[in-house]
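For reference, the chains in residue letters:
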Amino acid sequence: MMLPFLTGMLAAWFGLKGHRPACISLWLLTLVIFAAWCKFHMTDPMGLSL
């Protein structure tokens, strides 16, 4: 699950450099990745063996 941290880091870097459109688009991409990750992991059955 390294991709959201990479895109978040790139978004922060572009923000510090003053590239607002790239910063906002990377933050939105990070949000979409996190949402897809949460949807995937919150809806799959848990494989617990009791």
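See the structure printed just above.
The text that follows walks through the structure, step by step, so that each part is easy to find. It should be emphasised that the depicted structure is a prediction, and the values quoted were computed from it without experimental measurement. (Residues numbered from 1 in each chain as written. Predicted model: local features only at pLDDT ≥ 70, side-chain atom pairs only at ≥ 80, totals over all residues. Heavy atoms only, no water.)

**Here's the deal with the overall build of the chain**
Selection rule: Runs of E in the DSSP output that reach at least two residues are strands. Runs of H or I that reach at least four are helices, and both are numbered from the N terminus. Both definitions apply: the radius of gyration is a C-alpha atom measure, and the globule rule equals 2.2 Å times residues to the power 0.38. Accessible area is worked out with a 1.4 Å probe on protein chains only. A residue is then buried under 20% of its type maximum, exposed over 50%, and partly exposed in between. Surface accessibility in these figures is a Shrake-Rupley result with a 1.4 Å probe; residues are shielded only by whichever protein chains are displayed.
Secondary structure summary: the chain contains two helices and zero strands in total. In terms of overall size, the chain is more extended than a compact globule, its C-alpha atoms giving a radius of gyration of 15 Å where 50 residues would be expected to give roughly 10 Å. Within the chain, buried positions represent 16% of all 50 residues. Roughly 4300 Å² of accessible area belongs to the chain as shown, and the carbon and sulfur atoms make up 77% of that amount.

**A few points about the packing of helix H1 (residues 3-17) against helix H2 (residues 20-43)**
The cut-off we apply is this: Simply put, an axis is a line fit to the C-alpha atoms, just over the touching stretch for a helix, and the angle between two N-to-C directions goes from 0 to 180 degrees. An angle below 35 degrees is read as roughly parallel, one above 145 as roughly antiparallel, one from 65 to 115 as roughly perpendicular, and any other as oblique. Two helices crossing with the near one rotated counterclockwise from the far one by less than a right angle form a left-handed crossing, whereas a clockwise rotation gives a right-handed crossing. For this analysis, residues touch if any pair of their heavy atoms sits within 4.5 Å. Gly is put with the polar residues, along with every residue not named as nonpolar or charged; the nonpolar set is Ala, Val, Leu, Ile, Met, Phe, Trp, Tyr, Cys and Pro, and the charged set is Asp, Glu, Lys and Arg.
For the pair H1 and H2, the least separation of the axes is 8 Å and the interaxial angle reads 160°. When the interaxial angle is binned, H1 and H2 end up roughly antiparallel. Here the hand of the crossing between H1 and H2 comes out left-handed. Taken together, the residues of H2 that come into contact with H1 (itself represented by Leu3, Pro4, Thr7, Gly8, Leu10, Ala11, Ala12, Phe14 and Gly15) are Ala22, Cys23, Leu26, Trp27, Leu29, Thr30, Ile33 and Phe34. Taken together, the residues of the contact of H1 with H2 break down into 13 nonpolar, four polar and no charged.

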